[in-house]
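Coordinate analysis (summary)
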Amino acid sequence: ASAGAAEALVRLGPGGLELMRRLTASFWPGPLTLVAPAVPELPSAVTSGSGYVGVRVPEHALARELLQRAAVPVAAPSANRFGHVSPTRAQHVMDDLAHHPILVLDAPPADCCGVGIESTVVKIDEQAGELVLLRRGGVPE
């Protein structure tokens with residue numbers, strides 16, 4: 001769960017990597033997902049066949065510890081069904097997804113996020129030399 005680990009999953013030239021490093025230094029750990037071309041070694045299931053991968057280092061310490069201990073990239077969807085409010089507690093996840101075979105990590109209430117706002121998603125378009133905002137979220141504009 002680090003910027004260096006995320007860099008190993010994307011295929012960017014020097015300019016794109018520099019931009020990625022500036023963004024990760026400013027907003028990670030936190031609610032910013034960066035989308036960039038994936039390295040060819042990533043399974044198609046991770047990229048949904050698109051050739052792109054989204055990378056993020058979450059703010060929550062327990063989530064970062066899980067990623068560090070896993071020692072492999074983790075592809076994880078949101079912890080709520082489409083159109084449902086984003087959860088801020090483990091119980092919210094269970095209320096929404098208990099009928100699915102899932103495992104939920106629970107943290108003490110003081111460690112939970114206070115607001116259920118999705119991450120901002122930005123695509124690094126190195127050829128065009130620009131960032132493309134794909135979804136507004138927790139990073140202020």
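Since this is a predicted model, take the numbers as computed values, not measurements.

Looking now at the sheet that holds strand β3 (residues 120-125). Strand order in the open sheet formed by 4 strands is β2-β1-β3-β4, and the pairing between neighbours is mixed. One side of each edge strand has no neighbouring strand; the edge strands of this open sheet are β2 (52-55) and β4 (130-135). Mean inter-strand twist for the sheet, computed between neighbouring axes without regard to direction, equals 25°. Bridge count for β3 against β4 is 5 bridges, and the pairing is antiparallel. For D125, the partnering residue across the bridge sits in β4 and is E130. Its contacts with the sheet put helix α2 (residues 14-27) on β1 (32-37), β2, β3 and β4, and the angle it makes with β1 is roughly 170°.

Turning our attention to the packing of aromatic side chains. For the coordinates displayed, the defined rule picks out 0 aromatic pairs. In this arrangement the basic side chain of K123 is found over the ring face of Y52, its NZ or CZ atom lying 4.5 Å from the centre.

Time to look at the side chain of S86. By the element assignment, S86 lies in the loop between α4 (61-70) and α5 (90-97). The contact partners of S86, leaving out residues within four places of it in the chain, are N80, G116 and E118.

Turning next to α2. Here α2 is 14 residues long and its end C-alpha atoms lie 20 Å apart, about the 20 Å a rise of 1.5 Å per residue gives. Along α2, the residues classified as buried are G16, L17, L19, M20, L23 and T24. Looking straight down α2, one finds its buried side chains confined to an arc of 160°; they lie on one side. Every exposed residue of α2 that faces more than 90 degrees away from the buried side is listed here: P14, G15, R22, A25 and S26. The inward-facing, buried residues of α2 abut α1 (3-7), β1, β2, β3 and β4.

The rules behind the values
Residues numbered from 1 in each chain as written. Predicted model: local features only at pLDDT ≥ 70, side-chain atom pairs only at ≥ 80, totals over all residues. Heavy atoms only, no water. Pairing = 2+ DSSP bridges. Helix = DSSP H or I, 4+ residues; strand = E, 2+ residues; numbered from the N terminus. Axes fitted to C-alpha atoms, helices over the stretch in contact; angles between N-to-C directions. Contact = heavy atoms within 4.5 Å. Phe/Tyr/Trp six-rings, centres within 6.5 Å; stacked < 30°, edge-to-face > 60°. Lys NZ or Arg CZ within 6 Å of the ring centre and 35° of its normal. Expected span 1.5 Å × (residues − 1). Buried < 20%, exposed > 50% of the residue type's maximum accessible area, 1.4 Å probe, protein only. Arc of directions from axis to C-beta.

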